[in-house]
Amino acid sequence: MTLRIGHGFDVHAFAEGRPLVLGGVRIPSDRGLDGHSDADVVAHALMDGILGAMRAGDIGGLFPDTDPAYEGADSMVLLTRVAGLARERGFRLVDCDCTIAAQSPKLAPYRDAMRERMARAMGVDPSQVGLSATTTEHLGFVGREEGIAAWAVTLLELGECTGGAVPH
């Protein structure tokens, strides 16, 4: 058995006139996040964590923001594609843990719904998806409420490979 870890990070600035989508859940807010897709910062960090564990680059390479096909894209659809790619390459998600840094809005009431949406998109049990939210005590761009940041760490298991080669 081969285990691989991956780490993802993403950040998006706030933007007026856009919905706030985090972990596939629409959060009541007077502004959303700026981005080419739906700007779901935690889903983006999670996808980068999975891709990192696979040694398969990052979401910018897979879903470039220069491609009009991804304009306004639902990040849960993209997360499903990344999880499918992992399975195709012989990987199984063992566990992941995500952290969202946002001064506002308060995210605790939406935590379980976000975990469930991301788990469903990846085809895993919600118990395999950790999620916490924190503030930065009014420090930095997050504390000034200019945007939201997210981190994710993933643990993937690589199944049996033929010929001893590791898929890439």
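Note that the structure is predicted; figures quoted are calculated from it, not measured. (Residues numbered from 1 in each chain as written. Predicted model: local features only at pLDDT ≥ 70, side-chain atom pairs only at ≥ 80, totals over all residues. Heavy atoms only, no water.)

Q: Can you walk me through the overall build of the protein in this structure?
A: Summing up its helical and strand segments, the protein has five helices and seven strands in all. Ordered by position from N to C terminus, the α and β elements of the protein give β-β-β-β-α-α-α-β-α-β-α-β. A compact globule built from 168 residues would reach a C-alpha radius of gyration of about 15 Å, and the protein, at 16 Å, matches this within 12%. Considering the protein as a whole, with its 168 residues, one finds that 47% of them fall into the buried category. Look at the contacts in the protein between residues 6 or more apart in sequence, and 71% of them connect residues 24 or more apart. Accessible surface for the protein amounts to roughly 8,200 Å². Of this, 52% is attributable to carbon and sulfur atoms. Computed over 15 positive and 23 negative side-chain charges, the inter-centroid distance for the protein is 3 Å. (Helix = DSSP H or I, 4+ residues; strand = E, 2+ residues; numbered from the N terminus. Rg over C-alpha atoms; globule rule 2.2 N^0.38 Å. Buried < 20%, exposed > 50% of the residue type's maximum accessible area, 1.4 Å probe, protein only. Contact = heavy atoms within 4.5 Å. Areas by Shrake-Rupley, 256 points an atom, 1.4 Å probe, with all protein chains shown as cover. Lys, Arg positive; Asp, Glu negative; His and termini not counted. Charge placed at Lys NZ, Arg CZ, Asp CG, Glu CD.)

Q: Any chance you could explain the environment of valine 11 here in plain terms?
A: As for its position among the elements, valine 11 is in strand S1 (residues 2–16). For valine 11, a relative accessible area of 35% puts it in the partly exposed group. Separated by 136 residues in the primary sequence, valine 11 and glycine 147 place their C-alpha atoms 7.1 Å from one another. With residues near it in sequence (within four places) discarded, valine 11 still touches Val41, Phe141, Ile148 and Ala149.

Q: I tried to follow the UniProt feature "domain: 2-C-methyl-D-erythritol 2,4-cyclodiphosphate synthase" (unreviewed entry) in the protein on my own but got confused; where do I start?
A: Per the UniProt annotation, the sites labelled "domain: 2-C-methyl-D-erythritol 2,4-cyclodiphosphate synthase" (unreviewed entry) are residues 3–156. In this annotation, residues 3–156 is assigned 31% helix and 32% strand; the end-to-end C-alpha distance for the span is 6 Å. (UniProt positions renumbered as here; feature names shortened; annotations may be inferred.)

Q: What's the story with the environment of glycine 90 in this structure? I'm lost.
A: Relative to the elements of secondary structure, glycine 90 occurs in the loop between helix H3 (75–88) and strand S5 (91–101). A relative accessible area of 32% places glycine 90 in the partly exposed class. Residue contacts for glycine 90: discarding those within four places in its chain leaves Glu157, Leu158 and Gly159.

Q: Can you walk me through the packing of aromatic side chains in this structure?
A: Ring pairs (aromatic) are described by centroid distance and by the angle formed between their planes. In total, this model carries two aromatic pairs according to the counting rule given. With a centroid separation of 5.3 Å and an interplanar angle of 50°, the aromatic rings of phenylalanine 9 and tryptophan 151 are classed as tilted. Remark: tryptophan 151 occurs in strand S7 (residues 147–158) and phenylalanine 9 occurs in strand S1; sequence separation between them is 142 residues. Under the relative-accessibility criterion, tryptophan 151 is labelled partly exposed at 34%. (Phe/Tyr/Trp six-rings, centres within 6.5 Å; stacked < 30°, edge-to-face > 60°.)

Q: Quick question: what am I supposed to make of the UniProt feature "site: Transition state stabilizer" (unreviewed entry) in the protein here?
A: The positions that UniProt labels "site: Transition state stabilizer" (unreviewed entry) are, in the present scheme, His36 and Thr135. Across 100 residues in sequence, these annotated residues place their C-alpha atoms as far as 25.1 Å from one another, rather than forming a single compact spot. Cross-referencing the annotated residues with the lining of the largest pocket gives His36. Mapped onto the elements of the fold, histidine 36 is located in the loop between strand S4 (31–33) and helix H1 (41–54). Contacts of histidine 36, omitting those with residues within four sequence positions, involve Pro64, Asp65, Asp67, Pro68, Tyr70, Glu71 and Gly72. Along the chain, the position of threonine 135 falls in the loop between strand S6 (129–134) and helix H5 (140–143). (1 Å grid on protein atoms, 1.4 Å probe; cavity = no way out; pocket = protein on both sides within 12 Å on 5 of 7 lines; lining within 4 Å.)

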